[in-house]
Amino acid sequence: MTAMAMFLGMFLLAHLSGHLNAVPNLEGPVKMTGPWKGNVNIACTYQPMEGYTQVLVKWLVQQDNDPVTIFLRDSSGDHIQQAKYRGRLEVSREPPGDVSLLLETLEMDDRGRYLCQVTWKGPDGRQLMKERLTELQIQKLPASKPRVTTGSGYGFQVPHGMRISLLCQAQGSPPITYKWYKGKPDGTQIHVNSLGTLFFKPAQVSDSGTYFCVAKARVGSEQISDVVHFVVTDSSKKPTSAMLPEELTTTTPLPEATHRAATETSSRQQATIQAGHAGTSSERPGGQGLPLYAIVLIALLCMVLVFATIFGFCRKKSQGEHTYEVARMSTGNIPRVTIYAGGTGEAEAETRALENKYHSDPTSNQDYQIITQANSDYARLLCGSSSPELEIQDNGKPSC
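These remarks concern the structure in this document. Note that the structure is a prediction, hence the values are computed from the model and not measured.

## Re the overall build of the protein chain
Next up, step 1: Broken down by element type, the protein chain carries six helices and 22 strands.
Next up, step 2: In the protein chain, which comprises 400 residues, the proportion classed as buried is 22%.
Next up, step 3: Taking all contacts inside the protein chain whose residues are at least 6 apart in sequence as the whole, residues at least 24 apart take part in 54%.
Next up, step 4: Per element, the accessible surface of the protein chain, about 28,300 Å² overall, is 56% carbon and sulfur.

Following this line, the structure appears as structure tokens:
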């Protein structure tokens, strides 16, 4: 028991000492193969530990000569040291402890040994540096088997009218060409397009069917994807009872009486639907009504016509109520003018009959004197100038 206790004590002490002396350690692959003209991610990670602070990250590449620094990260930021890597090199920051190198558009001269170096500041204030070496090879890789997905996150069954696309994606050395076919690889097939994305703008019911794509890189043979079943549903067409007899006839035999009754019911429903369509067609030729702007224009024209009619009627009535007439009257040598204003009809006739009369009797002393003087002159002409005395009879005629 004493020996056993001593052994356990020594094991726990060694384990505790290992934890107390633990330092961060880098992890990454030893060898990698990148696709020519493609991208590669050279992993370099570590587990963050309490008390250790990252202060420096460097990536170096060794080809034929000594290693050359191509990337440096310090307190001032990120710095790409070689011009050939600018615009196609990036070093990760997230999550903490990930400093992997992403290299894009690989060329054949990018092959070599890539060295990842990380420096930390420890709990005691001293700096600790670790490194990890990865050998990278560049090859012209053939296309992998392509995978078909939907670009909008939907499945392969979509409603009518939706804008959706099918994506064909394969790995390999670019450029990778794609072709889309409708049908099956071992049967009748129709070439649809030569793009990596098949667009439906929008999807029609006639677009339903089976599709597959073919991918080919600069090297290697063509690769064919799995067949996908693309279905476009029409929400306007819902199953009705009129479809029941046909479905039952194609699946399960019906008794003769039941089949006859179902057929008669279907015929009556079809006749009713056709009659309804005929009535609708007669009421609205072409299935379309007047556009909105035509209805508004007709309404405006009707309003203008009504206002014009009312205005004309009011104007005519106003003119009839203010009719003026002029009557000329003569009394002796003095003309007189009388203006009549009034309505129409019998009232106007009576007014004119009463007011348009001529009077033979003198209306004033001046008129009477003028008439008497005229009679005296006339008597002298008849009797002669030698008879100075004249007598005016009662009838107004002179007597010598």
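## Describing the sheet that holds strand S12 (residues 164-169)
Note on sheets: strands pair through backbone hydrogen bonds, and any given pair is parallel or antiparallel.
Next up, step 1: The antiparallel open sheet is built from three strands, whose spatial order is S10-S12-S15. One side of each edge strand has no neighbouring strand; the edge strands of this open sheet are strand S10 (147-150) and strand S15 (197-200). Within this sheet the neighbouring strands show an average axis-to-axis angle of 15°, counted without direction.
Next up, step 2: Examined bridge by bridge, S12 and S15 share four bridges and lie antiparallel to one another. By the bridge assignment for S15, Leu 166 is matched with Leu 198.

## A word on the state of the cysteines
Next up, step 1: Under the criterion given, the structure shown has two disulfides.
Next up, step 2: Note that Cys 44 is cross-linked by a disulfide to Cys 116, the S-S spacing being 2.1 Å. What sets the handedness of the Cys 44 and Cys 116 disulfide is the S-S torsion sign, and at about -80° it is left-handed. One end of the pair, Cys 44, is in the loop between strand S2 (40-42) and strand S3 (53-62); the other, Cys 116, is in strand S8 (residues 112-121), and 72 residues separate them in sequence. This pair shows no difference in class: Cys 44 is buried, exactly as Cys 116 is.
Next up, step 3: Across the disulfide from Cys 168 sits Cys 213; the S-S distance is 2.0 Å. Residues Cys 168 and Cys 213 share a disulfide whose torsion about the S-S bond is about 70°; that sign makes it right-handed. Separated by 45 residues along the polypeptide, Cys 168 in strand S12 and Cys 213 in strand S16 (residues 209-216) bring together distant segments of the chain. For the pair formed by Cys 168 and Cys 213, the shared burial category is buried.

## Here's the deal with the side chain of Asp 98
Next up, step 1: Take Asp 98: it is sitting in the loop between strand S6 (89-91) and strand S7 (101-103).
Next up, step 2: In this structure, Asp 98 is buried with no salt-bridge partner, the nearest side chain bearing the opposite charge being Arg 73 at 8.4 Å.
Next up, step 3: Once residues within four sequence positions are removed from consideration, Asp 98 is found in contact with Cys 44, Thr 45, Ser 92 and Arg 93.

## Some thoughts on the pattern of salt bridges
Next up, step 1: Applying the stated criterion across every chain, the model contains eight salt bridges.
Next up, step 2: For Arg 73, the salt bridge is made with Asp 78, and the minimal N-O distance between the two is 2.7 Å.
Next up, step 3: Residue Asp 78 is classed as partly exposed on the basis of its relative accessible area of 37%.
Next up, step 4: The salt bridge involving Asp 110 is made with Lys 84; its shortest N-O contact spans 3.7 Å. Within this pair, whereas Asp 110 is found in the loop between S7 and S8, its partner Lys 84 is found in the loop between strand S5 (77-80) and S6, the two being separated by 26 residues in sequence.
Next up, step 5: Residue Asp 110 is classed as buried on the basis of its relative accessible area of 0%.

The rules we used
- Residues numbered from 1 in each chain as written.
- Predicted model: local features only at pLDDT ≥ 70, side-chain atom pairs only at ≥ 80, totals over all residues.
- Heavy atoms only, no water.
- Helix = DSSP H or I, 4+ residues; strand = E, 2+ residues; numbered from the N terminus.
- Buried < 20%, exposed > 50% of the residue type's maximum accessible area, 1.4 Å probe, protein only.
- Contact = heavy atoms within 4.5 Å.
- Areas by Shrake-Rupley, 256 points an atom, 1.4 Å probe, with all protein chains shown as cover.
- Pairing = 2+ DSSP bridges.
- Axes fitted to C-alpha atoms, helices over the stretch in contact; angles between N-to-C directions.
- Disulfide = S-S within 2.5 Å.
- Lys, Arg positive; Asp, Glu negative; His and termini not counted.
- Salt bridge = Lys/Arg side-chain N within 4 Å of Asp/Glu carboxyl O.

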